[in-house]
Amino acid sequence: VELKYPGLSPWEIWLSEAQERMVLAVPPNALPDFIALCESNDVGWWDLGSFTGDGRLVVRFDGEKVLDLSCGFLHKGMPGRRLKAVKPAEPERSGSEPDGAIGTSGGAPVPAGKGIGDILAKVMAYPAVASKEWAIRRYDHEVQGATVRGPFSGRMQKGPSDAAVLQPLEVRSGKGISISNGFNPRYGEADAYNAAYSALDEAVRNAVASGADPDRIAVTDNFCWGDPRNPANLWTLLKAAKACRDAAVAHRTPFISGKDSFNNEFEDREGKRISIPPSLLISAVGVVPKAQDSLGSAFQGEGSRIYLVGDFDPELSASVYGELAFPGKGMAGKGPRPSAAAPTVYRALHGAIRQGLVLSCHDISDGGLAAAAAEMCLGGGRGADISLDALRAAAGGGKRGLDSAALLFAETNGCLLAEVAEDKAVAFEAAMAGCPHLSVGFVSRGTRLRIFRESGELEAVDLEKLMKAYMSETEKIMAEGSESGPAGGEA
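Residues numbered from 1 in each chain as written. Predicted model: local features only at pLDDT ≥ 70, side-chain atom pairs only at ≥ 80, totals over all residues. Heavy atoms only, no water.

Draft legend 1. A look at the packing of aromatic side chains. Applying the stated criterion to the full structure yields 4 aromatic pairs. With a centroid separation of 6.2 Å and an interplanar angle of 35°, the aromatic rings of Tyr 193 and Tyr 197 are classed as tilted. In this pair, Tyr 193 and Tyr 197 both sit in helix H7 (residues 192–210), 4 residues apart, roughly one turn of the helix. With a relative accessible area of 19%, Tyr 193 lands in the buried category. Residue Tyr 197 is classed as buried on the basis of its relative accessible area of 8%. Note on Tyr 321 and Phe 409: the rings are 5.6 Å apart at their centroids and 15° apart in plane angle, and the pair reads as stacked. Of the two residues, Tyr 321 is situated in helix H9 (residues 320–325) and Phe 409 in helix H13 (residues 404–409); the sequence distance between them amounts to 88 residues. For the pair formed by Tyr 321 and Phe 409, the shared burial category is buried. (Phe/Tyr/Trp six-rings, centres within 6.5 Å; stacked < 30°, edge-to-face > 60°. Helix = DSSP H or I, 4+ residues; strand = E, 2+ residues; numbered from the N terminus. Buried < 20%, exposed > 50% of the residue type's maximum accessible area, 1.4 Å probe, protein only.)

Draft legend 2. View of the pattern of salt bridges. With the rule as written, the count across this model stands at 25 salt bridges. Here Asp 191 makes a salt bridge to Lys 334, at a shortest N to O gap of 3.5 Å. Of this pair, Asp 191 sits in the loop between helix H6 (185–190) and H7 while Lys 334 is found in the loop between H9 and helix H10 (342–354), placing the two residues 143 residues apart along the sequence. A relative accessible area of 15% means that Asp 191 is categorised as buried. Put simply, Arg 337 and Asp 313 hold a salt bridge, and the shortest N to O gap is 3.3 Å. One end of the pair, Arg 337, is in the loop between H9 and H10; the other, Asp 313, is in the loop between strand S13 (305–309) and H9, and 24 residues separate them in sequence. Overall, the relative accessible area of 30% leaves Arg 337 in the partly exposed class. Bridged by salt links that share partners, the residues Arg 56, Lys 65 and Asp 68 form one connected network. (Salt bridge = Lys/Arg side-chain N within 4 Å of Asp/Glu carboxyl O.)

Draft legend 3. Expanded view of the sheet that holds strand S19 (residues 456–462). A sheet is described by the order of its strands in space; here 7 strands give the open sequence S14-S16-S13-S17-S15-S18-S19, paired in mixed fashion. Edge positions in the sheet fall to strand S14 (360–363) and S19, since each has one partner strand and no second. For this sheet, the mean inter-axis angle between neighbouring strands, taken without regard to orientation, is 25°. Bridging between strand S15 (residues 383–387) and strand S18 (residues 448–453) involves 4 bridges; their strand directions are parallel. Among the inter-strand pairings, Ile 386 is bridged to a residue of S18, identified as Ile 451. Contacts between helix H11 (residues 368–380) and the sheet are confined to S13, S14, S15, strand S16 (416–420) and S18, with S14 contributing the most and set at about 145° to the helix. (Pairing = 2+ DSSP bridges. Axes fitted to C-alpha atoms, helices over the stretch in contact; angles between N-to-C directions. Contact = heavy atoms within 4.5 Å.)

Draft legend 4. The arrangement of the sheet that holds strand S12 (residues 279–288) in detail. If you trace the 6 strands from one edge of the open sheet to the other, you get S3-S6-S7-S12-S8-S9, paired in mixed fashion. Each edge of the open sheet is held by one strand with a lone partner, namely strand S3 (147–149) and strand S9 (255–261). Each adjacent strand pair in this sheet contributes to an overall mean axis angle of 20°, direction not counted. Bridge count for S3 against strand S6 (residues 164–166) is 2 bridges, and the pairing is antiparallel. Among the inter-strand pairings, Arg 149 is bridged to a residue of S6, identified as Val 165. Helix-sheet contacts for H7 involve S6, strand S7 (176–182), strand S8 (217–224), S9 and S12, and the interaxial angle to S7 is about 150°. Sheet contacts for helix H8 (residues 231–251): S8, S9 and S12; angle to S8, the most-contacted strand, approximately 175°.

Note that every value here comes from positions in space, so none of it alone points to a role or purpose.
And the structure:
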C-alpha cells in the first residue's frame, strides 16, 4: 500500500480512512488493460492481494501475518444493533399556511401591496435560487481544459447551468460526461419520502436538460441526518431510503455508491438537542452522446417558443414562495409529489434534443416556473412572454382554479422548460407525442419578463431588476471579502 508518509503501524494502514481511493476487484486476464488505463490517466495503482476462497481474511506486513480472521465472524460475529423507528408527529397547522394539496385558492395569497414582479425579485434573491457565483469563482472548475459546459450559461455567463458537461481529453468519440445534483432540505423538513424522490428526479432531470441520455445515467447518494437512534430520525431515514429505491427503479438509474453523515445535531442554550432537517444529496453522472451539442439554460433566439414539458403538478408546500409568504410555516404539507410520467417524458425529450429540435432547456425546481423562466432570460439576456392561461391549462384537473402566484411559483417534479425555434415546433411536438407538453410562451426581443392572460398583460418585470436580486448575495459576499483585504478574499 502506497503511504502518504512513513511510520504508520500495520493497524493504522489497515483501518485508516482515505479520500479518493477505491478498492477494485480485477480479473487476472483484465489486469494489463486495467494498468494501462490507470497509467494513461496518471492514476496510481497497487496490487493488494487476491481472493483465496478459503473463507479467511489474512493481512501481512513485511512478510509477517498481522491479521487472520474468519470471514464468518467478520460479517456475522458482532450482534446486530436493533433500532426503533416511530413516525414523527404531524406539525400543527394554524390554517393560514399553504395547504399540502392546493385548492382553488392556491393556498398562499399574494401578499398585500406586492405584485408578481416584487414577489419574483424576492424569490430570485432567496439563497436556494440566487446566484452561487460567490462560491463557484473561488474554485478552479475547468481543470485540464475538459469543460464543455460549466456552472454558468449564456453569453455573459450569469445564468445557472443544470449540469456540468466534460469531454475527457482521451475520449475520441465526441461523447461527454454530465455531472448534476439534486438537493432540497426544505422538502426533507416537509416529507422525507417526497424529498428523497425529488432529489433523485432533479438530479436526473438536470442531466437530461444538459443532453445526457436517460438510459446512461448512474447516481450516488449522500445522506446527512441527525442521530439515527432517535426513532423519529430513523423513520425519516427509512422513508428516504425507500424513496431512493423506488425512484431508482422508476428512472432505471442504478446507485453505484453512496455515503452518509449521521449525528448532525447540537444542543441549544437550554440543553435541547436540535437535529438538522433530513437532507439528501443525489449526484448523477450521465453520458452525453455528443458533448459539443450539449445544451445550456440560456434563451438563444427571439421568437422561439417556450414549451412546458412534463406533468405540471404545482405544489406550494415546502416551496420557496411558501417560505417567503409564511416564514416558519411554509413547510406544512408534503412538498412536490413524484411524477409517474417523468421517465417517459425525459426519454422523449432526449430524443428531441438528439434531433436538434431544442435550443435551450432548463429544469423547474426551486422557485417554480417563474424562477426557471427568469434564469433563462438572465442567461440569454432576452425577455420572455409567459401565458398564465396556458399554465392553467397545463395544470389541468382540479388545479385549473389556481391563482397566478401558485401557477408561477409553486414547485413540481418532472417538469422542464424547452426553447424551440418556431420552424421546428411541429417536429418537436411530434417527438413529444404521448407525453405532456404545451407551448406556454415566447422568447421576446425586449429585456422584460412579461406575464399575460387573456385579458392582456398582467405584469412586466425588467431583467435588470431580476439580475440585481439574483446577484445580491454574490455581490454582498464579494464586497465583504474585498473589505477584509486579500486574506479575507481568499478565505
